[in-house]
Amino acid sequence: MDSSLLATKLRIPPPPRHAVRRERLLDALEDRIADHKLVLLSAPAGYGKTTLLAEWARASRYPIAWLTLGEQEGDPERFLRYLLRAWEAVQPELRDSRLGLLLGAMSPERDAVLTAFINAAEGTPRHTVFVLDDYHLIQDAAVHQALTFLLDHLPPTLHFVLAARSEPPLPLARYRARSELLELRAEDLHFRLEETGEFLKRLAGRDRSPAEIETLQARLEGWAAGLQLVGLALQRAPEAAALGAISGRHRFIADYLSQEVLHHLAEGSREFLLQTSILEQLCGPLCDAVTERADGQELLEALERQNLFLVPLDDDRRWFRYHRLFGDYLRAELQRRQPTLAAELHRRAAPWYLAHDLPDDAFEHALAGADPDFVIRIFERYLNLRLNSGEILALVRWFDSLPADWYATYPVLGLARAGFWAITGDFAASLRAIDEAEERLLRQDGEEREWQLALVTAVRCYLACIQNDLALAEIYADRALRSLRDESRSFRAGIYHALGDTYRRNGLWEAARESYLKVPASLAGLPEYHVQSAVQSVHVCGALADLELQQGRLRHAADYWTRALAAIEDPDSWGRLALPVVGWVHLRLGEVRYEWNDLTAAREHLAAGLARAELGGDARALATGYLLAGRISLTEGNVEAAAGYLEWLRALVEQAPFPDWISRFERFQIELWLAQGRLREAVDWAGARPEQDGGQLATARALIARGDPPALARALALLGPLLQDAEAEGRAAVWIEGLALRALAHWQDGDRPAALTSLERALRRAEPEGYVRLFADLGPPLIRPLQEAHARGVMRDYTARLLAACDAGLPGATRAPAPAEALTEREHEILRLLAAGLTNPEIAAQLFISPETVKKHAANIYGKLGVRRRAEAVARARALHLLD
């Protein structure tokens, strides 16, 4: 998007060339703003509201967040985003606040944004002022309601200044009654006698007599725009008679402008003014596109020097706008003189805006120019982007603004709406619209028909992909890709992305990868490619990273997640991605860092990811975050915190089950039970599981922890088919973990050669990708097999690193010392039963002693092991190999 144009909305306008400093008004604003939450400048056009506020803002001791509003800011979401952008100009740290995170994502929840705004305002250390210029252009009641909420809850350090042509629909009476409102009306903004004289002197270059000034003051009543008109007249006719040209403040303005302004201009300048009047904001290249000339910038600068109601919008004098009254007059005059030209001028403007990635302006001009073909081009480029960016309301406004007869005459417009309905889940409406569009196209002739029918096929492909009908989707994709024209690259990218999702859903990893990799290539070369790629890159990189993780390729996955993060941090992505998507990228990158045992980086990504996932309220992202937080807590020995995360995770999984996450939840539950010394619960859970329920890894882990021959036999029986399927399907991460568990089962069963064989196979597959926590999280039972592998020379550097991650040493060198006091035979018995998860009464019943005696023996065991509770005793005993 053209950042130089958007920046004009957030920049305090530069001073006009002939401005008069109005001390009384400037002092009133500066001295009284801190005592009022709202300042309202309400007066008709031409009273100098913007000039006054800009002069005050440039010299004020308060930080000023400036925002010039347009009709497009009538969208509440867009309004709030611009409000944040203005605030960031004086308080940059807000970008990383809760408010910044919410508004930096697509479709934020409005109440959450308003609450976050007030919370951010509470932390403002000094008085800060928002200036909202041209507030009368806001028509949406939702924006007025949002601003009212903010005004009602503002802390004393935040203030709003509104400039408008009329009273805005805010509860002004309430603010007046509470002395919270400072008002400057037309009578306050009138030029006084001395200001009128000074202004005329600056415009005309010499003093006027007191009588002339008094006469003019009486006629114009201090109206600034009228004074400017007189100044123009005096530049051309210095005699006093020129002062009689204006007989009233607003009467005869058109006649005056025609006779005293346009009449004195060269024909080329007149035509330039009339033709460019269709533009809200002007710059040289845009004017050249509309007028089909090559001197737009030079003319703009010359017109400003002549004081022809041209208002600069930046210090470089690159962007301008016409004074509102002058612009209204020029448009009316264009309609009167050349009634058919306006539509052609709009049609010339639309391509310039499209080329500069300003689709809303391009759409408005194409609509005003009655150019449905160009509207279709805009949909071709931006429909998929806006759907992927969640800009649903913007698309709804586009669809609703199109004339009804266009849908009948141009079926492809109905097709665009069909694609919108497909993505938003209204399959029945989408299918009806697709069928209607296809029927109308089949009745038409001409060269446009074939590629438009290809668009029909593309949308049918999307619908088939969404419904997971892969065979049908492939047929439609093949037909569409052969016939789509070059301008339809966004549709090509959409087909490849949808196919990739469908292949992945069906376990076709390579086909999915090939399809995803075609997405960026399809978009390359488009003018808006940078923006599209920023959004698409996040989705594509995330999908490719998941594919790599499924196949155990951690390094490639990390690379894709890193690229996705870079795309998220690109300024062009701001506001185009859902918070859960942004949080998801951080969390998945945190998972990779955790697996590499880089706990510092894992915690950083966890904090960033959870903050966004919680704000976004997405259950799947939250589940990812809580699982990662729990594993980090368990690794750090904070069992209580890990248990808390598990309970939050349990609530999410039970309320919105995710098949691909249930098994991860169950494995973490087993790890936590084992860390807590609750072996009985883990064993009971495993005993109740069906043989094939998708949780084989968790079940095998619990059975291995139990350790008796039947349990180990069942664990090995479960792992055999699981390993075969994982290897056949290329799911390397599952295969590595399955082999590690099989190594443990064989070791516990006394088959050391089989254990070391399985362990070595797992290590050789895992080492190139840097797996660490997959092994370390299996806990103390894996230490002895790893030590044995190291002693036998199996991947010595890697096994040493894994042993360090297990907080264990190499055989003999750094092995943990034995306890100072050896345990008695009875204490060994009780320790084994404690590790099995039995309660004190259960142990007492099994050993035929009293529960009190068990309690005393347990206390002795804790003392000898240097621990304070059962879970710590079990972990310490395993580290000392007392339970082998």
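Because the structure is a prediction, the values reported are computed rather than measured.

(A) Representation of the pattern of salt bridges. This structure, assessed with the given rule, holds 50 salt bridges. The residue Arg460 makes a salt bridge to Asp435 at a minimum N-O spacing of 2.8 Å. Here the residue Arg460 occupies a position in helix H25 (residues 448-466), and Asp435 occupies one in helix H24 (residues 427-442), the gap between them amounting to 25 residues. A salt bridge links Arg563 to Asp559; its shortest N-O distance comes to 3.7 Å. Within this pair, Arg563 and its partner Asp559 are both found in helix H30 (residues 554-569), separated by 4 residues, close to a single helical turn. What makes Arg563 partly exposed here is its relative accessible area of 44%.

(B) Region of the structure containing the packing of helix H44 (residues 825-835) against helix H45 (residues 840-847). Where H44 contacts H45, the axes come no closer than 10 Å and their chain directions differ by 130°. On the basis of the axis angle, H44 is oblique to H45. Considering only the axes of H44 and H45, their crossing is right-handed. For the pair formed by H44 and H45, the contact residues are Arg826, Glu829, Ile830, Leu833 and Leu834 on the first element and Asn840, Ile843, Gln846 and Leu847 on the second. Looking at the contact of H44 with H45 residue by residue, the classes come out as 5 nonpolar, 2 polar and 2 charged.

(C) The arrangement of H45 in detail. Of the positions making up H45, those classed as buried are Ile843, Ala844 and Leu847. The arc that holds every buried residue of H45, seen down its axis, measures 100°, which confines them to one face. Those residues of H45 that are exposed and angled more than 90 degrees off the buried face are Pro841 and Ala845. Residues of H45 that are buried sit in contact with H44 and helix H46 (851-865). Of the residues trailing H45, Phe848 is marked for its positive phi of about 60°.

(D) Region of the structure containing the environment of Ala702. Note that Ala702 resides in helix H37 (residues 696-706). Among the residues examined, Ala702 registers a relative accessible area of 0% and is labelled buried. Sequence-wise, Ala702 and Gly687 are 15 residues apart; in three dimensions their C-alpha atoms are separated by 9.0 Å.

(E) Looking closely at unusual backbone geometry. Although it is not a glycine, Ala370 adopts a positive phi angle of roughly 50°. Within the fold, Ala370 resides in the loop between helix H19 (359-368) and helix H20 (372-388). Of note in the backbone geometry, Phe848 takes a positive phi value of approximately 60° without being a glycine. Along the polypeptide, Phe848 turns up in the loop between H45 and H46. With relative accessibility at 76%, the residue Phe848 sits in the exposed group.

(F) Focus on the nonpolar core. Counting 201 residues, the largest nonpolar core has Leu279, Ile378, Phe379, Leu402, Ile495, Leu763 and Phe775 as its most contacted members. Sorting elements by how many residues they give to this core places H25 first, with 12 residues. The residues touching Phe775, leaving out its near neighbours within four places in the chain, are Ile736, Ala740, Leu759, Ala762, Leu763, Ala766, Leu782, Tyr798 and Leu802. Judged by nonpolar contacts, the second largest core, of 46 residues, contains Trp87, Leu101, Ala120 and Leu172.

(G) Representation of the packing of aromatic side chains in the model. One pass over the full model with this rule turns up 15 aromatic pairs. Between the aromatic rings of Phe775 and Tyr798, the centroid separation amounts to 6.4 Å while the plane-to-plane angle is 90°, which identifies the pairing as edge-to-face. On the criterion of sequence distance, the pair formed by Phe775 in helix H41 (residues 773-776) and Tyr798 in helix H43 (residues 796-805) is long-range, its members being 23 residues apart. Assigned by exposure class, Phe775 and Tyr798 land together as buried. Site record: aromatic cluster; members linked through ring pairs are Trp87, Phe117, Phe130 and Phe160. Over the ring of Tyr82 we find Lys9; its NZ or CZ atom is 6.0 Å from the centre of that ring. For the cation-ring pair, Arg417 lies above Tyr407, with the distance from its terminal atom to the ring centre recorded as 3.9 Å.

(H) Main features of the pairing of strand S4 (residues 158-164). Within S4, 7 of the 7 residues are buried, which leaves it mostly tucked inside the rest of the structure. Here S4 shows a buried face lined by Leu158, Phe160, Leu162 and Ala164 and a second buried face lined by His159, Val161 and Ala163. Across 5 bridges, strand S1 (residues 38-42) lies against S4 in parallel orientation. Its bridge partner lying in S4, Leu38 is registered against Phe160. Summarising the sheet, strand S3 (residues 128-133) and S4 pair through 5 bridges and their orientation is parallel. Bridge assignment links Val131 to a residue of S4, and that residue is Val161. You can see the chain leave S3, run along helix H7 (residues 141-153) and come back into S4, and the turn it takes is right-handed.

Conventions and cut-offs
Residues numbered from 1 in each chain as written. Predicted model: local features only at pLDDT ≥ 70, side-chain atom pairs only at ≥ 80, totals over all residues. Heavy atoms only, no water. Salt bridge = Lys/Arg side-chain N within 4 Å of Asp/Glu carboxyl O. Helix = DSSP H or I, 4+ residues; strand = E, 2+ residues; numbered from the N terminus. Buried < 20%, exposed > 50% of the residue type's maximum accessible area, 1.4 Å probe, protein only. Axes fitted to C-alpha atoms, helices over the stretch in contact; angles between N-to-C directions. Parallel < 35°, antiparallel > 145°, perpendicular 65-115°, else oblique. Left-handed = near helix turned anticlockwise from the far one by under 90°. Contact = heavy atoms within 4.5 Å. Nonpolar A, V, L, I, M, F, W, Y, C, P; charged D, E, K, R; others polar. Arc of directions from axis to C-beta. Core = buried A, V, L, I, M, F, W, Y, C linked by side-chain atoms within 4.5 Å. Phe/Tyr/Trp six-rings, centres within 6.5 Å; stacked < 30°, edge-to-face > 60°. Lys NZ or Arg CZ within 6 Å of the ring centre and 35° of its normal. Pairing = 2+ DSSP bridges. Right-handed = clockwise from strand over helix to strand, strands pointing away.

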